[in-house]
Amino acid sequence: MSHFIFPDERFTIYKFISLVAALVGVVLNAVPSFLHAGSSDETKNVTIGYVVLICGVIVQGVGMVYMKWKSPNTDITVSAMIQIGASAILCLIWSLIWDTPKVLASQSVAAPPMAWVWALIIGVLATGIAGHGYVFLVNNIGATGASFITFGQIFVGIVVGVAFVHEWSGYRWWEIFMCVIGVVALAVAIGIGFLGDKKPVQDISSMGEISSAEELERQDDIEDEYEENNIEKKEKDKKKKDKKKKDKKKKDKKTKANKEQEKEKSGDIEENIDEKIAEL
């Protein structure tokens, strides 16, 4: 989307290589997850998880482009506050629909205080601070550069999961090697992406001036074209009128000549009649 909307964020070979490397990294880390699924239900859940991951990447990418495109001058804090507030409302509505108010109320009451603390900490870190950083990156390095947040999330998630949750504990050596290659591929994707995205984001005010100048130039071109079309139309109309006048003159001359011929014929006929009467 950035390639077609923003002139300063064209799709380059660096971005293509970065996307390929990121895709390879995700696939390599996904294979062991499917191999270690204990049942068909677990395989189904893993599949759904990766589908949701892909959908999330797409939605986030579209959101970045849309934010830079439609609200480039919005303050970072205000933009983050509005986005997080709208997200909170959506999450509440979705929870009421998915879990029903009864289940939501029972879980809220049954949750221990520490669970609330951890939820609040995660909300502050993963939503509040991350949301502000997200808006800052889009405004300063562009939608394409900010899209590498997704790869960074996957990279950090894998590293933290292995270090603290021991997610690779049941993996065989070649599966671990595959995951390591995948993590390296994700890191390479991020590096190549930023390497090919060195151009600074164009200042919003200058973009406005450029767009205004382009609009004025386009308007002038339209007016010039309109005037040229009017001139051509007037010339064509004049030629048509001149042609009509000439045709009318020719027609009048022809009509006059026909009348004179008829008059001469009628005169000759009268003379013949008079001569015959005189002979009689």
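What counts and how
Residues numbered from 1 in each chain as written. Predicted model: local features only at pLDDT ≥ 70, side-chain atom pairs only at ≥ 80, totals over all residues. Heavy atoms only, no water. Helix = DSSP H or I, 4+ residues; strand = E, 2+ residues; numbered from the N terminus. Buried < 20%, exposed > 50% of the residue type's maximum accessible area, 1.4 Å probe, protein only. Contact = heavy atoms within 4.5 Å. UniProt positions renumbered as here; feature names shortened; annotations may be inferred. Expected span 1.5 Å × (residues − 1). Core = buried A, V, L, I, M, F, W, Y, C linked by side-chain atoms within 4.5 Å. Axes fitted to C-alpha atoms, helices over the stretch in contact; angles between N-to-C directions. Parallel < 35°, antiparallel > 145°, perpendicular 65-115°, else oblique. Left-handed = near helix turned anticlockwise from the far one by under 90°. Nonpolar A, V, L, I, M, F, W, Y, C, P; charged D, E, K, R; others polar. Phe/Tyr/Trp six-rings, centres within 6.5 Å; stacked < 30°, edge-to-face > 60°.

Peer 1: Could you give an account of the overall build of the protein, with specific residues and numbers?
Peer 2: Regarding its fold elements, the protein presents 8 helices and 0 strands. Going from the N terminus to the C terminus, the protein shows its helices and strands as α-α-α-α-α-α-α-α. Relative to its 280 residues, the protein shows a buried fraction of 18%. In the protein, the proportion of contacts linking residues at least 24 apart, taken out of those at least 6 apart, comes to 78%.

Peer 1: I'd like a description of the UniProt feature "transmembrane region" (unreviewed entry) in the protein, backed by residues and values.
Peer 2: As recorded in UniProt, the sites labelled "transmembrane region" (unreviewed entry) are residues 12–35, 47–66, 78–97, 117–138, 145–165 and 171–195. A helix fraction of 100% and a strand fraction of 0% characterise residues 47–66, whose end C-alpha atoms lie 29 Å from each other. Between the end C-alpha atoms of residues 145–165 the distance is 30 Å, and the span holds 95% helix and 0% strand.

Peer 1: Give a detailed account of helix α3 (residues 40–70), specifying residues and quantitative values.
Peer 2: Between its terminal C-alpha atoms α3 stretches 44 Å, which fits the 45 Å expected from 31 residues at 1.5 Å a residue. Among all positions of α3, only V46, M64, V65, M67 and K68 are buried.

Peer 1: Explain the nonpolar core to me, and be specific about the residues and the numbers.
Peer 2: By size, the foremost hydrophobic cluster in this structure holds 13 residues, and its most contacted members are A22, F151, I158, W168, L186 and A189. Looking at this core, the element that brings in the most residues is helix α7 (residues 173–195), giving 5 residues. Non-local contacts of A189, meaning those with residues more than four positions away in its chain, are made with S18, A21, A22, F148 and F151. In this structure, M64, A80, Y134 and V138 belong to the second largest nonpolar core, which totals 9 residues.

Peer 1: Give me the lowdown on the packing of helix α2 (residues 13–35) against α3, citing residues and values where you can.
Peer 2: Relative orientation of the contacting elements α2 and α3 amounts to 160°, with a least axis distance of 10 Å. Taken together, the axes of α2 and α3 are roughly antiparallel relative to one another. As for how α2 packs across α3, the hand of that crossing is right-handed. Counted together, V26, N29, A30, S33 and F34 of α2 and T43, V46, T47, Y50 and L53 of α3 form the full contact between these two elements. Taken together, the residues that form the contact of α2 with α3 break down as 6 nonpolar, 4 polar and no charged.

Peer 1: Would you mind going over the packing of aromatic side chains in detail, with residue names and values included?
Peer 2: Remark: the centre distance and the inter-plane angle together describe each pair of aromatic rings, the angle taken between the planes. Inspection of the entire model under this criterion finds 1 aromatic pair. Ring centres of W94 and W98 lie 5.7 Å apart, and the angle between their planes is 25°; on these two criteria the pair is classed as stacked. A residue pair is termed a helical-turn pair when its members lie 3 or 4 positions apart in one helix, as W94 and W98 do in helix α4 (residues 76–110) at 4 residues.

Peer 1: Lay out the environment of A185 with the relevant residues and their values.
Peer 2: Examined against the element boundaries, A185 turns out to sit in helix α7. Owing to a relative accessible area of 12%, A185 belongs among the buried residues under this scheme. Linking A185 and V20, residues 165 residues apart in sequence, is a C-alpha distance of 9.1 Å. If we skip the residues at most four places from it in the chain, A185 touches A21, A22 and G25.

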